[in-house]
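Here are the chains, one letter per residue:
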Amino acid sequence: MRLLAEYRTDRAALLTHLAALGVEAARDLAGLGPDTPPTDLVERFTGWASAR
C-alpha cells in the first residue's frame, strides 16, 4: 500500500521501479545456481500494479 500511495500520480514510475526490483531479483536467483531459474518475475513484480 505504501508504494501505491507514494506513486499515486505516476503509475509509469511505479512500474519502472518494480521492474528494476524484478531485474535485481532475477540476478539474485541466477546466482543461486542453474536449478533456480527466474520464472515469471515480470508478472510477479509488476502485474499487481498494472491492473486498474
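Refer to the structure printed above.
Owing to the predicted nature of the structure, the values given are computational and were not obtained by experimental measurement. (Residues numbered from 1 in each chain as written. Predicted model: local features only at pLDDT ≥ 70, side-chain atom pairs only at ≥ 80, totals over all residues. Heavy atoms only, no water.)

S.K.: Can you break down the overall build of the protein chain residue by residue, with the values?
M.R.: The helix and strand inventory of the protein chain stands at three helices and zero strands. Going from the N terminus to the C terminus, the protein chain shows its helices and strands as α-α-α. Taking all 52 residues of the protein chain together, 17% fall into the buried category. Long-range pairs, those at least 24 residues apart, make up 44% of the contacts in the protein chain with a sequence separation of at least 6. (Helix = DSSP H or I, 4+ residues; strand = E, 2+ residues; numbered from the N terminus. Buried < 20%, exposed > 50% of the residue type's maximum accessible area, 1.4 Å probe, protein only. Contact = heavy atoms within 4.5 Å.)

S.K.: Outline a nonpolar patch on the surface, supporting the account with residue identities and numerical values.
M.R.: Taken together, the side chains of Met1, Leu4 and Trp48 present a nonpolar region at the surface, about 370 Å² in accessible area. Note on Trp48: relative accessible area 42%, which makes it partly exposed. (Patch = residues over 30% accessible without salt bridge, like charges linked within 9 Å, V, L, I, M, F, W, Y side chains within 5 Å. Areas by Shrake-Rupley, 256 points an atom, 1.4 Å probe, with all protein chains shown as cover. Salt bridge = Lys/Arg side-chain N within 4 Å of Asp/Glu carboxyl O.)

S.K.: So what's going on with the environment of Ala26? Which residues, and what values?
M.R.: Structurally, Ala26 is set in helix α2 (residues 11-30). C-alpha separation for the pair Ala26 and Leu41, spaced 15 residues apart in sequence, amounts to 7.2 Å.

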